[in-house]
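So you can see what is in the structure, the chains are spelled out below.
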Amino acid sequence: MPRPSAGSGDVPHVTDDGTPVVVRRSARRRRTVAAFWEDGNAVVAIPASFSKSQEREWVGRMLARLQKQGERGGRGSNKRRPASDEALAQHAAHLSRTYLGGRAVPTSVRWVTNQNSRWGSATPAEGTIRLSHKLQSMPQWVIDYVLLHELAHLLVAGHTAAFWQLLEAYPETERAKAFLEGVAFATSRGMPGDTSTDADA
């Protein structure tokens, strides 16, 4: 799903060092705040109910977090995909800190080649996460969605309202879901690929 551009609900800002910042207010967002890089801009997503003082406080706080991470990725970046299990685990920790407040702490995260009916799976009791190797050829924002999906399952087992609320902070959730559904549709028409439309085992 295309992201709204500045001027359609986004409020542009510039930091003291000249970094472009967009404050994105959302009526759907109740309490969570998220920050990420998008097209070279720092984007801070906040609830629409926030006051101007709350906006200033959270923009400053989230910008500091982004600058500490040192990333200017965004969906168009050529950021290297986490190819090894170790790199995947490190990336999972980064996503957990960024979007889940660091609450999801898996005991292991690894790629698997025997997972043909699901993109990913999690075992909350053991804290383990497995991603299908078929994801490795997909865009990074799709991989991140599946990984976040499984991280969220370490906190909430089922697909309840509380579960989907955890994924609201990630800006590409709906777009990634649509992408995976498209892959599943293409597969059903005889094109090579996976048959799953959900991230869980």
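The preceding data block contains the structure.
This is a predicted model, so every value here is computed, not measured.

What counts as what
Residues numbered from 1 in each chain as written. Predicted model: local features only at pLDDT ≥ 70, side-chain atom pairs only at ≥ 80, totals over all residues. Heavy atoms only, no water. Core = buried A, V, L, I, M, F, W, Y, C linked by side-chain atoms within 4.5 Å. Buried < 20%, exposed > 50% of the residue type's maximum accessible area, 1.4 Å probe, protein only. Helix = DSSP H or I, 4+ residues; strand = E, 2+ residues; numbered from the N terminus. Pairing = 2+ DSSP bridges. Axes fitted to C-alpha atoms, helices over the stretch in contact; angles between N-to-C directions. Contact = heavy atoms within 4.5 Å.

## Remarks on the nonpolar core
1) Next: Core analysis: the biggest nonpolar cluster contains 37 residues, and Tyr99, Leu131, Leu135, Leu147, Leu148, Leu151 and Leu180 have the highest contact counts within it.
2) Next: If you list the elements that add at least two residues to this core, you get β3 (34-38), β4 (41-47), α2 (85-99), β5 (108-112), β7 (128-132), α3 (140-153), α4 (161-166) and α5 (173-188).
3) Next: For this core, the element with the most residues is α3, which contributes 9 residues.
4) Next: The next biggest cluster of nonpolar side chains, apart from the first, holds 11 residues, and it includes Val21, Val23, Val44 and Phe50.

## What about the sheet that holds β5?
1) Next: A sheet is described by the order of its strands in space; here 3 strands give the open sequence β5-β7-β6, paired in mixed fashion. Looking at the sheet topology across the chains shown, the edges are occupied by β5 and β6 (120-123). The mean inter-strand angle of the sheet, taken between neighbouring strand axes irrespective of direction, is 15 degrees.
2) Next: As defined by bridge partners, β5 adjoins β7 across 5 bridges and the pair is classed as parallel.

## Observations concerning the environment of Gly127
1) Next: Looking at where Gly127 falls in the secondary structure, it is placed in the loop between β6 and β7.
2) Next: C-alpha separation for the pair Gly127 and Pro106, spaced 21 residues apart in sequence, amounts to 4.7 Å.
3) Next: Sequence-distant contacts of Gly127, that is, excluding residues within four places in its chain, are made with Pro106, Thr107, Ser108 and Leu154.

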